[in-house]
Amino acid sequence: MQRYEEVIRFCEETLYVAERNSVCLCLDKHSESNNLDNNTCSVKLWRYHLIAKSYFFLGKLEEANQFLKKNDQIKVMGCR
């Protein structure tokens, strides 16, 4: 259906929920909250993946690249 603009808009509009509900900190692997943090980080990364992929399919390669660079810091913080 190629509704990539809508995907980008939806992900951007709901991203604050994922950010508010997650705390992406590098936690000790033995911590009980580590699993929860990884799940909430996955929700954020899922949105970032969809946004970048949508930009790509729209042919907006520069926007996709800038978006990925801007949000690459999440991986550095320990979110997988």
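Residues numbered from 1 in each chain as written. Predicted model: local features only at pLDDT ≥ 70, side-chain atom pairs only at ≥ 80, totals over all residues. Heavy atoms only, no water.

Participant: Could you clarify how one ought to interpret the nonpolar core in this entry?
Facilitator: Nonpolar side chains tend toward joint burial in soluble globular proteins. Counting residues in hydrophobic clusters, the biggest one holds ten residues: Ile 8, Cys 11, Leu 15, Leu 45, Tyr 48, Ile 51, Ala 52, Tyr 55, Ala 64 and Phe 67. Secondary structure elements with two or more residues in this core: helix 1 (4-20), helix 2 (33-57) and helix 3 (61-71). With five residues, helix 2 is the largest single contributor of residues to this core. Sequence-distant contacts of Ile 51, that is, excluding residues within four places in its chain, are made with Ile 8, Cys 11, Glu 12 and Phe 67. (Core = buried A, V, L, I, M, F, W, Y, C linked by side-chain atoms within 4.5 Å. Buried < 20%, exposed > 50% of the residue type's maximum accessible area, 1.4 Å probe, protein only. Helix = DSSP H or I, 4+ residues; strand = E, 2+ residues; numbered from the N terminus. Contact = heavy atoms within 4.5 Å.)

Participant: What's the story with the pattern of salt bridges in this structure? I'm lost.
Facilitator: Side chains bearing opposite charge may pair, as long as their charged atoms lie close to each other. Scanning the entire structure with this criterion turns up two salt bridges. Residue Glu 6 pairs with Arg 3 through a salt bridge whose shortest N-O separation is 2.7 Å. With a relative accessible area of 38%, Glu 6 lands in the partly exposed category. (Salt bridge = Lys/Arg side-chain N within 4 Å of Asp/Glu carboxyl O.)

Function cannot be read off these values alone, since they describe shape.
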